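Structural features, examined
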Amino acid sequence: MIGWHGKGEGVKDRVRIAIVGSGPAGLSAAGRAARLGMSHVLLEKTDHLSDTIFKYQKGKHVMATPSSLVLRSDFDFDAGKREQVLGTWEEQAAAGAITVRYNAEVTRIEGEKGAFVLTLKDGGTLEAEAVILAIGTQGNPNKLRCEGADLPHIQYQLDDPTEYIDEHITVVGTGDAGIENALGLAADPAQGNVVTILNRGAEFARAKEANVKLLTEAQAAGRVIVRNETTPAEVRPGQLVLDTRDGQETIRCDRIIARTGSAPPRKFVEDCGIAFTSPEREAFPVLSPVFETTRPGIHVIGALAGYPLIKHCMNQGYDVVEFLNGNTRLKPADEPILAEKFAALPGSRSVDEWLELLGSRIEIFRDISPLQLRELMLDSGVAAFRKGEAVFERNEIGSSLFAIAEGSVAVEVNKDDPSITVPIAQGSIFGEVGLISGRRRGATIRAAEDLIVVELSRSAALKMMATAPAAAKVVNRISIERQLLQIFGSGLTREDVAELVDGAEVQELRANEVLMKEGDEGADIFIIRRGSMIVEREIGGKPVFLSYLAAGAYVGEMAVIDGSRRSATVRAAIKSEVIRLPGEAFVRLLERKPQLRRKAFEEMERRREINAFVEGRKENFSSVVDMYSQTAQFLVDNGIGEATDVLLIDETLCVGCDNCEKACADSHDGLSRLDREAGTTYAHLHVPTSCRHCEHPHCMADCPPNAIQRGPDGEVFIDETCIGCGNCQRNCPYGVIRMDSVPPKKPSILSWLFLGKGPGPGEPSKDWRKKHAEGAEKPKQAIKCDMCAGIDGGPSCVRACPTGAAIRVSPEAFLSVAKLAEGE
Amino acid sequence: MATRTTTGPVAGREYRSDHEGFLRHRHFRWLKIATLLSVICIAAYFLTDPRPRPGGGTWIGYTLGTIGALLIVWLSLLGIRKRAITEGRWSLKAWTSAHVYLGLSLIVVATLHTGFQLGWNVHTLAYALMMLVILSGMFGIWAYATLPSALSSNREQMTQGQMIDAIRALDRQLDEAAQPLARGPSDLVLEALGEDPFAPGLWRRLSGNYRNCATQKAIEGLARLGDQDAAVERVEKLLVRRKAHLERLRRHMRLKSMLEVWLYVHVPATMALLAALTAHIVSVFYYW
Ligand SMILES: Cc1cc2nc3c(=O)[nH]c(=O)nc-3n(C[C@H](O)[C@H](O)[C@H](O)COP(=O)(O)OP(=O)(O)OC[C@H]3O[C@@H](n4cnc5c(N)ncnc54)[C@H](O)[C@@H]3O)c2cc1C
Ligand code: HEM
């Protein structure tokens, strides 16, 4: 077979393997097939290899993590510039006799194992015995749907905004991508572009606030023309007809950049007859250990299979072709990593034996495929504890989930008396409360006998729950049960709460959605499982903020206990999840347990007092109460409802010296993670642009190397495995993540003070950095506040504030009525 | 709003953020300590009967002098503390609090140390410099206590960069809008555009007095033209907006300068004081 590029000659109409998608996964698979002499074709939608990487920003440093994983592929891959990586592959694809077919988007796969028929977009078909789907997760950009939508001056991607000069350019779509493109095109007035952006609605619901602000500014400055409630009606060469609120209008337009989102590839995959593990957005195709889907003969690898790192992708490309070639003894490339992990455990077992043991003993692993378990174990830790050792302590921050592989543990449920414990047996899990609420551990847990546990990071556990519904169900049931026991505490057993657990229902609430309304009848009780709630009451025609309830708290018990109407309105501060418990079952429980009844009454009394207190205040200090309510609402609007620890600045004290920023930079490689002046302010309370360490961090959602974690002090931090893709920066709604490379080291503060050496405290200027750069610039990585983890004394921003204006608070403490009493 | 929030026990690293300004830090702890120090010094001064006469040469004089000199050295170290972001449980707020109150107590300690014997010599120079530092510090306290809220209200969530950007954006619009104008009015606009908000000197910035503001002049000049066409009206509107933004930026710079300017006395005077203090001590021991 000869190296082949283009269309026509050389492509057989029937091949052994059709590989769809030429990303690192597909390319590596094709390389292996070529090397083994298997007839194959690599079908690529675009006119170049590896479109996802092709679309990276120019000159991006591509990282080759995890470094402990060996690369097993016929293609080379090492960390380096995007151009270099692509160049190498280009060369090796040509040299390695790989059959590629460009501009060949597969739109349908029919037929059976041994005789699949793949239909291409241009109508052509192709037969293959087996199919490897390696189409990644980027999906297809949504196309314009109007007349003239196929004209060549419409593009769906903008690589380099500085490329265009003196053009009339229209950007369609006001998501982040559209806004960023428009701003990029208009950034330099010297380019002379006339940039228009079309917004279908009147607001910018889909973009980040920071971007919207920039766009509004650019609009005010006359750099970008923003047209609201406008859609393209017809595209003509050099012109664009617009549908506006006041009828049609034609504008000059040399280029259209359409950024109206993209459709994920899931639908295509499902149409191929491939089942996903669950309907959740995060789910992946169900796969066998040899990457085979539920449709025999079709295999899925790479990002689509849930392995977003290039190395993983390439290894899988190699492996899947080996499997197809009948190599059954091939061990995955990650074997040595697992072997090292298990080596720390007592009892010398092989990796396979360990996996077998974990899979069969641990309840939540039972329905997981061996392939998934392997991957899960890569992201997880294993540890052994001697009898009596603590696995974690009460009040520690931790969001990981533990599963008991051997032995059992004792939970110290009473903080005053460690001798009162509740056992958890082999095969079960613990730590699930931290997993769901992302807050502190509620109890100390000790090994009751010699113990072996698996510790799943929060993201690994969530991924597992999304992909394995059976596991999710088990975790859910256990966590509801435990949460009940923890909240109602003393002396209750699993049997006592069984009725409540059976009737429990998980309910999701959007931000601001009302859970219960003051004055309504209601018989149910709710536990906040995720997110937070605001309790308010109408007094004198205005809603008055009563309290803030964090995850783990419960509401609604007052009406249930004394049969009265709801005494306050409770609504979600942010997107939240509550567990609804049937009221009658709760009443029955109270009847059986007088001790619990007493406790519930006390709690109810306390809440009544708060209500009365605020109401009483209202008469005399209505302005104080209003102020408190409004300040609380302001903070909640600014995301404090999902924060666990947030930096606030009291602007009655802030002298604007920026010592907080300088201290931040000086504590972290010379880069500040905080912008004091930016951000919102209400009544002199300023929320600067800095991380809030959200309970459920948005930034964690989509991190290919899983580099974002929650640390022992509750801080959300990014570790050194960051590959600089910028997903977290895009996902953070508060704009607190920046991409930058570590600047050269500065001379010490004393040599600056006395000898004038170096740039002085704070972040060095761009010029200084350039002048003192040592060798090549370091790759850009994501940078954010880590709450000064590991620095004795705690956050530098607070320590370095000369006036006490900078404070760090947790929302529960800050938004309590107690503040109202002190505030007078 | 003197309130205290504890972020709860964090294993091994319990940091708290008292929401308490530096003046009230820990319920005025340093005010109390400084007052006590002053009272003890006054009592010691008046209860003892120094011979031959009160002054630096008596034992009480030496004691007061030593306390004073140590205090001055420690007070000067604030400049380093502020910038050396080392690990540990220090808080700059506590340092500032102590700095202010102990600094003020120096008035008592040092004055008593002199025994009210002042003259034209290096000793009195040191004393005068110290008083200068203290007076500038008192101005600083006034500024720190009164200006931040004004700074905050004035900027209305805008950063300084955004204020400048807003003016630049208006400038670009003005530049375009002024094209159809006649020579006279157009020159007025150009002059307004040529005005650099950062050019005026420190004094103007502090006083907030911009009598020759070109933007204001352009507004007045255009108004004198009387009834005019739409182009002039548009320019006028833009100029009024520019004026408003300029005023905000000027107020911002004025407040920021006030918060900083005293340090340009406080710190150099501290340097001079340290030099004079050294001379004072050396000369005392030399003539001993
Ligand atoms: C900005 C950014 C930076 C990143 N940086 C790094 C990094 O530094 N290191 C790292 O390890 N990972 C990084 N990643 C992740 C990594 O790039 C992807 O996870 C990886 O490319 C996935 O490989 P893949 O082969 O599964 O799919 P892809 O690389 O997405 O390739 C899929 C290919 O299939 C084609 N295709 C799609 N549908 C069809 C169809 N129907 N018919 C035919 N062809 C089709 C596409 O055109 C594309 O070429 C980054 C990701 C992003 C977005
Ligand atoms: C002899 C006495 C004093 C000496 C030697 C002294 C010295 C200093 C020094 C070196 C600084 C650091 C400035 C910087 O680097 O930014 C400083 C800051 C300061 N001083 Fe003094 N000072 C003295 C007395 C006082 C007094 C009496 C007051 C108040 C009444 C005062 C108030 C301040 C304040 C508010 C700061 C600024 C703190 C900050 O913003 O970080 N000082 N002083």
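Values in this document were obtained by computation on a predicted structure and should not be read as measured data.

**So, the overall build of chain B**
- Helices and strands together make up the secondary structure of chain B, namely 11 helices and two strands.
- Each helix and strand of chain B, ordered N terminal to C terminal, gives the series β-β-α-α-α-α-α-α-α-α-α-α-α.
- Since a compact globule built from 288 residues should have a radius of gyration of about 19 Å, the 27 Å found for chain B marks it as more spread out than a globular shape.
- Taking the principal axes of the C-alpha coordinates as reference, chain B spans close to 90 × 60 × 30 Å.
- Counting every position in chain B, which comprises 288 residues, the buried fraction comes to 46%.
- Taking contacts inside chain B between residues at least 6 apart in sequence as the whole, the part at least 24 apart equals 73%.
- When the accessible surface of chain B is totalled, it reaches about 15400 Å², and 63% of it is carbon and sulfur.
- With 33 positive and 21 negative side-chain charges, chain B shows a separation of 12 Å between the mean positions of the two kinds.

**Topic: the overall build of chain A**
- Each helix and strand counted, chain A has 25 helices and 43 strands in total.
- A compact globule built from 824 residues would reach a C-alpha radius of gyration of about 28 Å, and chain A, at 29 Å, matches this within 12%.
- C-alpha extents for chain A along the principal axes are approximately 85 × 70 × 65 Å.
- Here chain A holds 824 residues, and 56% of them are scored as buried.
- Long-range pairs, those at least 24 residues apart, make up 70% of the contacts in chain A between residues at least 6 apart in sequence.
- Accessible surface for chain A amounts to roughly 35100 Å². Of this, 50% is attributable to carbon and sulfur atoms.

**Notes on the site of ligand 1**
Residues and elements named next belong to chain A.
- Of all residues adjacent to ligand 1, which total 31 residues, the nearest are Glu44, Thr52, Tyr56, Ala303 and Pro308.
- Tyr56 places a polar side-chain atom, nitrogen or oxygen, 2.4 Å from an oxygen atom of ligand 1.
- Between an oxygen atom of ligand 1 and a main-chain N or O atom of Ala303, the distance comes to 2.8 Å.
- Those elements that place two or more of their residues in the shell around ligand 1 are helix H1 (24–36), helix H2 (51–54) and helix H7 (310–324).
- Looking at the shell around ligand 1 residue by residue, the class counts come to 18 nonpolar, eight polar and five charged.

**A closer look at the coordination of the iron atom of ligand 2**
All names here are of chain B.
- His99 (NE2) and His266 (NE2) make up the full set of protein donors to the iron atom of ligand 2, lying at 2.0 Å.
- Around the iron atom of ligand 2 sit six donor atoms; with metal-centred angles ranging over 85 to 178°, the donor geometry is octahedral. Pair noted here: His99 is in helix H4 (residues 92–114) and His266 is in helix H11 (residues 263–286), with a separation of 167 residues, a long-range link.
- The buried category is assigned to His99, whose relative accessible area is 15%.

**Regarding the domain arrangement of chain A**
All names here are of chain A.
- Assigned domains of chain A: these are domain 1 (14–139 + 264–333), domain 2 (154–258), domain 3 (337–468), domain 4 (499–630) and domain 5 (638–742 + 778–822).
- At the interface, 16 residues of domain 1 touch 11 residues of domain 3.
- Summed over both partners, the interface of domain 1 with domain 3 buries about 1100 Å², with 63% contributed by carbon and sulfur atoms.
- For domain 1, the biggest contributors to the area lost against domain 3 are Thr277, Pro289 and Tyr307; these three give 34% of the whole.
- Across the pair Asp352 and Lys331 runs a salt bridge whose closest N-O atoms are separated by 3.1 Å.
- On inspection of domain 1 and its partner domain 3, the count reaches one residue pair in polar contact (both at pLDDT 80 or more).
- Tallied by class, the residues present in the side of domain 1 that touches domain 3 amount to eight nonpolar, five polar and three charged.

**Details of the sheet that holds strand S37 (residues 675–682) of chain A**
All names here are of chain A.
- What the four strands build is an open sheet, ordered S37-S38-S36-S43; its pairing is antiparallel. A strand with exactly one partner marks an edge of an open sheet, and here the two such strands are S37 and strand S43 (806–809). Taking the axes of each pair of neighbouring strands and ignoring which way they run, one obtains an average angle of 40° across the sheet.
- Strand direction decides the pairing type here: S37 and strand S38 (residues 685–689), joined by five bridges, are antiparallel. Note on S38: the bridge partner recorded for Thr681 is His686.

**Quick word on the site of ligand 2**
- Surveying the vicinity of ligand 2 reveals 26 residues, the closest of which are Lys82(B), Arg83(B), His99(B), Tyr144(B) and His266(B).
- At the site occupied by ligand 2, the surrounding residues belong to chains A and B.
- A distance of 2.8 Å is found between an oxygen atom of ligand 2 and a side-chain nitrogen or oxygen belonging to Arg83(B).
- At a separation of 2.7 Å, a nitrogen atom of ligand 2 approaches a polar side-chain atom of His99(B).
- By residue number, the principal contributor to the shell around ligand 2 is helix H5 (residues 122–155) of chain B, which donates seven residues.
- Within the shell around ligand 2, the residues separate by chemical class into 16 nonpolar, eight polar and two charged.
- Two domains each donate at least three residues to the shell around ligand 2, and these are domain 1 (9–117) and domain 2 (134–288) of chain B.

What counts as what
- Residues numbered from 1 in each chain as written.
- Chains lettered and ligands numbered in written order.
- Predicted model: local features only at pLDDT ≥ 70, side-chain atom pairs only at ≥ 80, totals over all residues.
- Heavy atoms only, no water.
- Helix = DSSP H or I, 4+ residues; strand = E, 2+ residues; numbered from the N terminus.
- Rg over C-alpha atoms; globule rule 2.2 N^0.38 Å.
- Buried < 20%, exposed > 50% of the residue type's maximum accessible area, 1.4 Å probe, protein only.
- Contact = heavy atoms within 4.5 Å.
- Areas by Shrake-Rupley, 256 points an atom, 1.4 Å probe, with all protein chains shown as cover.
- Lys, Arg positive; Asp, Glu negative; His and termini not counted.
- Charge placed at Lys NZ, Arg CZ, Asp CG, Glu CD.
- Near = heavy atom within 4 Å.
- Polar contact = N/O pair within 3.5 Å; in protein donor to acceptor, adjacent residues only side chain to side chain.
- Nonpolar A, V, L, I, M, F, W, Y, C, P; charged D, E, K, R; others polar.
- Donors = N, O, S within 2.8 Å, 3.2 Å for Na, K, Ca; no water.
- Tetrahedral: all angles 85-135°; square planar, octahedral: opposite > 155°, others 65-115°.
- Domains from an automatic or database assignment.
- Buried area = accessible area lost by both parts, 1.4 Å probe.
- Salt bridge = Lys/Arg side-chain N within 4 Å of Asp/Glu carboxyl O.
- Pairing = 2+ DSSP bridges.
- Axes fitted to C-alpha atoms, helices over the stretch in contact; angles between N-to-C directions.

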